[in-house]
Amino acid sequence: MALRANYFGLAAKGMQILMTQESYLQQQFSTSVRLSLPLWELVKLRVSQINQCAFCVDMHSKATLQQGESQERVIGLSAWRDMPFYSDTEMMALDWAEHLTQGLPVNDDKYAQVVEAFGEQGLVDLTIAVNAINSWNRIAKTFKPEVGSFKPAAHD
């Protein structure tokens, strides 16, 4: 496959906006009572699976495992509704992520369920997180960085 545009180099300011968004989400998911970094990583992986973004599936599978997630839960994520491995909170977040990724309408009942589970701030942050990974998926699918090239940062 021919090399594609260096999107980080050509749109450095635009990419910095996305990276700043990631920093915001890192802060929010690491300090939230109802959201968590492992949950955020599961959402990123599930959305990447739906969008069939090979680079992002590779990246978030590795990152999730490195953060201590079990291989069983990572492998089972594509069938999470039928697996007994996920908490009610995780299932609500995954359902919300799938709902938004698939472009389904958000009725009042769905909205109320997610607000009840995560609070208004959590709903906003989770929605931004779903939007963010959908954006990253589209970028990676367009410019095709090398699948397998992602190496998670070492933990202390």
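Novice: Can you walk me through the nonpolar core in this structure?
Specialist: Soluble globular proteins tend to pack their nonpolar side chains together in the buried interior. Counting residues in hydrophobic clusters, the biggest one holds 24 residues, and the most contacted among them are Phe-29, Val-43, Phe-118 and Leu-126. Considering every element that reaches this core, the biggest residue donor is helix H7 (residues 108–143), with 11 residues. Beyond its immediate chain neighbours, meaning those up to four positions away, Leu-126 contacts Phe-29, Leu-35, Val-43, Ala-93, Trp-96 and Phe-118. Leu-42, Leu-45, Leu-77 and Leu-94 belong to the second largest nonpolar core, which has seven residues in total.

Novice: How do you make sense of the side chain of His-60 when you look at a structure like this?
Specialist: One can find His-60 in helix H4 (residues 54–66). The exposure class of His-60 is buried, given its relative accessible area of 5%. Polar contacts involving the side chain of His-60 include one to the side chain of Glu-41, which spans 2.5 Å. Ignoring any residue separated from it by four or fewer positions in sequence, one finds His-60 in contact with Glu-41, Lys-44, Leu-45, Ser-48 and Ile-133.

Novice: Could you clarify how one ought to interpret helix H6 (residues 88–101) in this entry?
Specialist: Owing to its 3.6 residues per turn, the α-helix aligns residues three or four sequence positions apart on the same side. With 14 residues, H6 should reach 20 Å at 1.5 Å per residue; the first-to-last C-alpha distance of 20 Å fits that figure. Within H6, burial applies to Glu-90, Ala-93, Leu-94, Asp-95, Trp-96, Ala-97, Glu-98, His-99 and Thr-101. Where H6 is buried, its residues touch helix H3 (37–50), helix H5 (71–76) and H7. Positive phi appears at Gly-103, one or two residues downstream of H6, with a value of about 70°.

Novice: Would you explain the pattern of salt bridges in this entry?
Specialist: Where charged atoms from two side chains of opposite charge approach closely, those side chains can pair. What the rule picks out here adds up to eight salt bridges. For Arg-73, the salt bridge is made with Glu-90, and the minimal N-O distance between the two is 2.6 Å. Of this pair, Arg-73 sits in helix H5 while Glu-90 sits in helix H6, and the two are 17 residues apart along the sequence. The pair Arg-73 / Glu-90 is uniform in exposure class, with both members buried.

Here is what the cut-offs are and how they apply
- Residues numbered from 1 in each chain as written.
- Predicted model: local features only at pLDDT ≥ 70, side-chain atom pairs only at ≥ 80, totals over all residues.
- Heavy atoms only, no water.
- Core = buried A, V, L, I, M, F, W, Y, C linked by side-chain atoms within 4.5 Å.
- Buried < 20%, exposed > 50% of the residue type's maximum accessible area, 1.4 Å probe, protein only.
- Helix = DSSP H or I, 4+ residues; strand = E, 2+ residues; numbered from the N terminus.
- Contact = heavy atoms within 4.5 Å.
- Polar contact = N/O pair within 3.5 Å; in protein donor to acceptor, adjacent residues only side chain to side chain.
- Expected span 1.5 Å × (residues − 1).
- Salt bridge = Lys/Arg side-chain N within 4 Å of Asp/Glu carboxyl O.

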